[in-house]
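# Fold and contact review
Each chain is listed here by its residues.
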Amino acid sequence: MSKPDPHAPPTIHSVNDQISSIVLTTRTPRGWYFGLAIGFVLLNVMLLSIGVLLLKGVGIWGINTPVGWGFAIVNFVWWIGIGHAGTLISAILLLFRQEWRTSINRFAEAMTLFAVACAGIFPLLHVGRPWYAYWLFPYPNTMDLWPQFRSPLLWDVFAVSTYATVSLMFWYVGLIPDLATLRDRTKSRFAQIAYGFLAMGWRGSARHWKRYQDAYLLLAGIATPLVVSVHTIVSFDFAVAQVPGWHATIFPPYFVAGAIFSGFAMVLTLAIPLRYAYNLHPFVTDKHLDNMAKVMLAAGLIVAYGYVFENFSAWYSNHTADLEMIENRLFGPYAWSFWSLMLCNILVPQLLWSRAVRKNPYMLFFISIVINIGMWLERFVIVVTSLHHDYLPSSWGMYYPTKWDWGLYIGTMGLFASLLFIFIRILPMISIFEMRELVHENHDNHETEAP
Amino acid sequence: MSDPLRYGLLAEFEDAESLVHAAHEITERGYCHVDAYSPFPVHHLAEALGFHRSRMALVVLVGAICGLIGGYGMQYWMAAVDYPLNIGGRPAHSWPAFIPVTFELTILAAALSAVLGMLALNGLPRPHHPLFAIDAFKRANQDGFVLCIESTDPMFDEGKVRELLRDLHAKEVWDVPADA
């Protein structure tokens, strides 16, 4: 078999062959084993961190009385924010008929799902006795108690579990026709049964397609307000409380923009190496990277506005605690985190104004990593600098993460990486049927489609 | 005329356009137990078969309304009726605080009804189907554009159907046996 030219425009056959062969090949690339091995090692760091935590309790973390939230909430918000780009790409861009989304929506959705899985671990463990976490759900119980529906923390439970469920369904529905393609292409009996089971007998009937498309469009329409609501509710966890630095009306839009910012950064962080490793240049073109960089730049500017307005409204309030909060953030013991945040999230992304930078995958990769770090720092600044310096000077304190905080955080990256590597090995990372549709529409003008 | 040994006649067409044309012609002549299969959603194909409205929007609307009423009603009953807590004299029926959960449950119920409704109306999951017996049908999920006139159609007559499919420039025609 001759190797296809990686830069030739795709045809319906090359779409079928190239995308499904990544999954159906018997020769797994060595890089894949290498990547999964790293992910698996880190996954075990996570399991170890959770094991020790369950044995000893949350005392092994750095959390203390003024700073009760610490890494657990910083990482929760970071992960859940990353997830948002997946839904944004698959739902909002679908509604706006942005066809370029087709190449990236599948793995962006997978990224959402895995990021939400990582996010969910943190509040679950942070409750202290995770085996009682089901108490958060309203179920008839012998204690005759119901959850407190007036608490943003409970809203969060509903928002995040709805988000996880809807993301999973959206992803799975998108996969059904592709699973049928894999079922019909594979030679292996086991794969035929496995994909056949998951494809649920999909036949590509015209009536099925019509219901499918209507349902998919409706799901996109439902997922769009959902994704906005999820990070809005996450921001309520802070904004509804009265802690200086949290009690601000800018929080919901600023959190949603931050989520999009970090999510697109993560999509780029994943797309650039994947495109290189699997020769996906015909599908994920420089134009795609350019578009994502532009969305990132726009979201970054909204986030920058959020930082300015946050400090402005604290200053304008002329409230002692708020003024103290600003001074402490800018020049206090955690000033390093604030200034690094400004560097990562405001200064560096301005490079994206340059077309040459947006066309350069190396630069984009670098900037996306910087933004990922910046968005993590943002949540660190919000959680830690606000809590450690509250209204009451007698209860001021410092927060230092322990090795178990770091272990769990790095460990969830292992969970994320392991899930992602398994996903790209067993499921098509680009939607085959949507790609076929796109190729068909593009070829309508000139009927010169050669196999 | 129904034939117990035959599911129908399956024909493959050159491309999406000729499949839509064939579907349209066949439906025009009065055949009604016909379905077309394509590797991606083809514009106007379902309409050519006389299938105009999927009614998915109605299913989702009903789901959303159930989620809305169920979500709000649950919170009202739990927080204001079954276990009202008097905290500083604040009202038990504090409706603004119930909005976020109501919203999320509306979304959840709407999404569940979209997915489960689509699968149920499509008759999925259906692990086996007579068409899967034809090897060429595998191409319907890759690059083939096929159409099946089912033997349950009141107008089904093998000779006439074969002739019609030939007239419509079908590339090849297969006899699909019924399930044993």
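Starting from 1, residues in each chain are numbered consecutively following that chain's sequence as written. Labels are handed out in written order, letters beginning with A for the chains and numbers beginning with 1 for the ligands. Where totals are concerned, whole chains, interfaces and linings use all residues; where local detail is concerned, this predicted model gives features only for residues with pLDDT of at least 70, and gives and counts side-chain atom pairs only at 80 or more. Where side-chain values are given, they derive from all heavy atoms of the structure, hydrogens and water being excluded.

## Things to note about the overall build of chain A
Secondary structure follows DSSP: runs of H or I at least 4 residues long count as helices, runs of E at least 2 residues long count as strands, and numbering of each begins at the N terminus. A count of helices and strands for chain A gives 15 helices and 0 strands. Relative to the 2.2 N^0.38 estimate, which gives 22 Å for 451 residues, the radius of gyration of chain A is 23 Å and therefore close to what a compact globule would have. Each of the 451 residues in chain A was classed as buried or not, and the buried ones make up 60%. Surface accessibility in these figures is a Shrake-Rupley result with a 1.4 Å probe; residues are shielded only by whichever protein chains are displayed. About 18,800 Å² of surface is accessible on chain A, with carbon and sulfur atoms providing 69% of the total. As defined in this context, the radius of gyration uses C-alpha atoms, and a globule is described by 2.2 Å times the residue total to the power 0.38. Each residue's exposure class comes from its accessible area (1.4 Å probe, protein chains only) as a fraction of the maximum for that residue type: buried when under 20%, exposed when over 50%, partly exposed otherwise.

## What to know about the packing of helix α3 (residues 70-95) of chain A against helix α8 (residues 251-277) of chain A
Residue and element names in this part refer to chain A. Note on geometry: axes are C-alpha line fits, over the in-contact stretch for helices, and angles between N-to-C directions span 0 to 180 degrees. At their nearest, the axes of α3 and α8 sit 7 Å apart, and the two run at 75 degrees to each other. Regarding the angle of α3 to α8, the classification is roughly perpendicular. Contacts between α3 and α8 involve Val77, Trp78, Trp79, Gly81, Ile82, His84, Ala85, Leu88 and Ile89 on the former and, on the latter, Phe255, Ala259, Ile260, Ser262, Gly263, Phe264, Met266 and Val267. Polar here means any residue other than Ala, Val, Leu, Ile, Met, Phe, Trp, Tyr, Cys and Pro, which are nonpolar, and Asp, Glu, Lys and Arg, which are charged; Gly is therefore polar. Grouping the constituent residues of the contact of α3 with α8 by class yields 13 nonpolar, 4 polar and no charged. Throughout, the term roughly parallel applies to angles under 35 degrees, roughly antiparallel to angles over 145, roughly perpendicular to angles from 65 to 115, and oblique to all others. By the convention used here, residues are in contact when the closest approach between their heavy atoms is within 4.5 Å.

## Some details on the interface of chain B and chain A
Counting from both sides, the interface comprises 65 residues of chain B and, opposite them, 54 residues of chain A. By salt bridge we mean one thing: a side-chain nitrogen of Lys or Arg within 4 Å of a carboxyl oxygen of Asp or Glu. Inspection of the chain B/chain A interface yields 2 salt bridges. Across the salt bridge formed by glutamate 47 of chain B and lysine 210 of chain A, the nearest N and O atoms sit 3.0 Å from each other. Whenever a nitrogen or oxygen atom comes within 3.5 Å of another N or O atom, the pair is scored as a polar contact, on the condition that within protein one atom can donate a hydrogen and the other can accept it, and that pairs from neighbouring residues in sequence are kept only if both atoms are in side chains. Run the count over chain B and chain A and you get 25 residue pairs in polar contact (both at pLDDT 80 or more).

## A word on the side chain of arginine 6 of chain B
Residues and elements named next belong to chain B. With respect to the secondary-structure elements, arginine 6 resides in strand β1 (residues 6-13). Within polar-contact distance, the side chain of arginine 6 engages the side chain of aspartate 175 at 2.7 Å. Excluding its chain neighbours within four sequence positions, the residues that come into contact with arginine 6 are Ser151, Phe156, Glu158, Asp175, Val176, Pro177 and Ala178.

## Focus on the packing of aromatic side chains
Residues and elements named next belong to chain A. Each Phe, Tyr or Trp ring (for Trp, its six-membered ring) is paired with any other whose centre lies within 6.5 Å, and the angle between the two planes then decides the class: stacked below 30 degrees, edge-to-face above 60, tilted in between. One pass over the structure, following the stated rule, counts 50 aromatic pairs over all chains. Relative to phenylalanine 380, the ring of tryptophan 376 has its centre 5.6 Å away and its plane inclined at 25 degrees; by these criteria the two rings are stacked. Remark: phenylalanine 380 and tryptophan 376 occur in helix α13 (residues 361-387); sequence separation between them is 4 residues, near one turn of the helix. Accessibility expressed as a relative area gives 9% for tryptophan 376, which makes it buried. Counting every residue linked through ring pairs, the aromatic cluster contains Phe71, Trp78, Trp79, Tyr334, Trp336, Trp376, Phe380, Tyr399, Trp406, Tyr409 and Phe416.

## Observations regarding the side chain of histidine 389 of chain A
Residues and elements named next belong to chain A. One can find histidine 389 in the loop between α13 and α14 (403-426). In this structure the side chain of histidine 389 is engaged in a polar contact, spanning 3.0 Å, whose partner is the side chain of glutamate 324. Discounting chain neighbours no more than four positions away, the residues touching histidine 389 are Pro244, Glu324, Asn328 and Trp396.

## Digging into the confidence of the model for chain B
Each residue carries a pLDDT value, the predictor's own confidence for that position, ranging from 0 to 100. Within chain B, residue pLDDT values average 86, and 98% of them lie at 70 or more. For this predicted complex, the interface confidence comes out at an ipTM of 0.90, alongside a pTM of 0.88.

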